[in-house]
Amino acid sequence: MRIPQSKALTAALLAALVLPMAGCARNRAKSDLPYVARDVGTLYSTAKTRLDQHRYKEAAQLFDEVERQHPYSIWARRAQLMSAFSYYLDRDYTKSIQSAQRFISVHPGNRDAPYAYYLVALSYYEQIRDVTRDQKITLQALSALGELTRRYPNTRYASDARLKIDLVNDHLAGKEMEIGRFYETRGQWLAATLRFRTVVDKFQTTTHIPEALMRLTESYLALGLPEEAQKATAVLGANYPGTDWYSHAYKLMQEHPVQKVAAVAPGQPIVPVGTPGAAPTLPGASTKSGGAPSATSTGPAPVGPAGSTSAGRPTN
């Protein structure tokens, strides 16, 4: 009877030893990391090799391991930035931002700090979605790009950031236009006007300005404000005279003439109604020598589409 008990005890002890070892084997199998060396130089070189092999996730994890095992070495500072770069290449933008921001917080005066800011901005920028989606990430990209240009205006990273800022602003303007057009289709003209006005006031260098001005003309006319519509059309004709947007806005103004100012054909000066023989000046404009009109803050009155030679067309 004692022998079976001894065998049972031995088997139980072996099982207790084997189970933890099997668990460790499973954990190693699940891990993406290869054998991790303790030597910092070997560890960093291994991470660099993985990066060169386009195994970006493994490279990032190994660079993180450099920082974890040797936090106060010169290798750790470089590994933080390389980790952010590797995560960026792996399109793990959240971890890339975290690594870059950790580098900035620990080494704010380092010569590689501009690149860390650049990686943060790029990681937000790469996540921008189409205008039908929420634009929170677009605003974060704009903020990160702006911070980079403010802190390091003379770096090559800032030069690229300025180009991207223009694209981000164009994207945000496109979102406002998309919402404004939606309100137009529902006949909510006041809400549409506010969106188009935002584009004209805040995104003046974007490609959406001509359409925004034409949409403002439509909205103002629908609201019964022909004089405001005329101002929008005047600005459109002054800055984008050869566009289809201006041609459409001009036709709308022909169909809805302003009460105090007669609509005229392209290339002809505007004469206030009820003052026959008066000099051809714009409302609120001063007259130069020879009677040529000069626009003031009210803007020039609508002239014809491209090809018109009206003296009332201002230069950009």
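Remember, it's a predicted structure, so these values are computed and weren't measured experimentally. (Residues numbered from 1 in each chain as written. Predicted model: local features only at pLDDT ≥ 70, side-chain atom pairs only at ≥ 80, totals over all residues. Heavy atoms only, no water.)

*Asks:* Before we go on, may I ask you to explain the overall build of the chain in this structure?
*Replies:* Counting its regular elements, the chain contains 12 helices and 2 strands. By the burial criterion, 41% of the 316 residues in the chain qualify as buried. Looking at the chain as shown, the accessible area adds up to about 18100 Å², and 55% of this sits on carbon and sulfur atoms. (Helix = DSSP H or I, 4+ residues; strand = E, 2+ residues; numbered from the N terminus. Buried < 20%, exposed > 50% of the residue type's maximum accessible area, 1.4 Å probe, protein only. Areas by Shrake-Rupley, 256 points an atom, 1.4 Å probe, with all protein chains shown as cover.)

*Asks:* Is there a simple way to explain a nonpolar patch on the surface in this structure?
*Replies:* Taken together, Leu190, Leu194, Leu223 and Leu225 make up a surface patch of nonpolar side chains, about 360 Å² in accessible area. Inspection of the secondary structure puts leucine 223 in the loop between helix H10 (209–222) and helix H11 (226–239). Here leucine 223 falls in the partly exposed class, since its relative accessible area comes to 35%. (Patch = residues over 30% accessible without salt bridge, like charges linked within 9 Å, V, L, I, M, F, W, Y side chains within 5 Å. Salt bridge = Lys/Arg side-chain N within 4 Å of Asp/Glu carboxyl O.)

*Asks:* Sorry if this is basic, but what is going on with the side chain of threonine 217 here?
*Replies:* Its place among the elements puts threonine 217 in helix H10. Once residues lying within four places of it in the same chain are set aside, the contact partners of threonine 217 are Ala229, Ala232, Thr233, Ala249, Leu252 and Met253. (Contact = heavy atoms within 4.5 Å.)

*Asks:* In this structure, what is going on with the environment of alanine 191? I would like to understand it.
*Replies:* Among the secondary structure elements, alanine 191 is positioned in helix H9 (residues 189–202). For alanine 191, a relative accessible area of 24% puts it in the partly exposed group. In sequence terms alanine 191 and serine 219 are 28 residues apart; their C-alpha atoms lie 9.4 Å from each other.

*Asks:* I would appreciate a short explanation of the packing of H11 against helix H12 (residues 244–255) in the present structure.
*Replies:* Between two packed helices, the angle of one axis relative to the other and the distance separating the axes together describe the packing. Two numbers describe how H11 lies on H12: the axes approach to 10 Å, and their chain directions differ by 150 degrees. Of the possible angle classes, the one that applies to H11 and H12 is roughly antiparallel. Remark: the crossing between H11 and H12 carries left-handed chirality. Taken together, the residues of H12 that come into contact with H11 (itself represented by Pro226, Ala229, Gln230, Thr233, Leu236 and Gly237) are Trp245, Tyr246, Ala249, Tyr250 and Met253. Looking at the contact of H11 with H12 residue by residue, the class counts come to 8 nonpolar, 3 polar and no charged. (Axes fitted to C-alpha atoms, helices over the stretch in contact; angles between N-to-C directions. Parallel < 35°, antiparallel > 145°, perpendicular 65-115°, else oblique. Left-handed = near helix turned anticlockwise from the far one by under 90°. Nonpolar A, V, L, I, M, F, W, Y, C, P; charged D, E, K, R; others polar.)

*Asks:* Any chance you could explain helix H8 (residues 156–185) here in plain terms?
*Replies:* For the α-helix, the turn length of 3.6 residues means that residues three or four positions removed from each other point alike. Given a rise of 1.5 Å per residue, 30 residues ought to cover 44 Å, and the 44 Å separating the end C-alpha atoms of H8 matches this to within 8%. Residue glycine 187 follows H8 closely and has a positive phi angle near 75 degrees. (Expected span 1.5 Å × (residues − 1).)

*Asks:* Explain the side chain of glutamine 69 to me, please; I cannot follow it from the model alone.
*Replies:* Relative to the helices and strands, glutamine 69 resides in helix H3 (residues 56–69). Within polar-contact distance, the side chain of glutamine 69 engages the side chain of glutamate 65 at 2.8 Å. (Polar contact = N/O pair within 3.5 Å; in protein donor to acceptor, adjacent residues only side chain to side chain.)

*Asks:* Is there a simple way to explain the environment of tryptophan 245 in this structure?
*Replies:* Looking at the element boundaries, tryptophan 245 is found in helix H12. C-alpha separation for the pair tryptophan 245 and leucine 213, spaced 32 residues apart in sequence, amounts to 8.2 Å. When near neighbours in sequence (up to four residues on either side) are disregarded, tryptophan 245 contacts Pro210, Glu211, Met214, Arg215 and Leu236.

*Asks:* Teacher, can you tell me more about the packing of H10 against H11 here?
*Replies:* At a closest axis distance of 8 Å, the pairing of H10 and H11 adopts a crossing angle of 165 degrees. Here H11 runs roughly antiparallel to H10, going by the angle between their axes. The way H10 lies across H11 gives a crossing that is left-handed. On the side of H10, the interface is formed by Pro210, Leu213, Met214, Leu216, Thr217, Tyr220 and Leu221, while H11 contributes Pro226, Glu228, Ala229, Ala232, Thr233, Val235 and Leu236.

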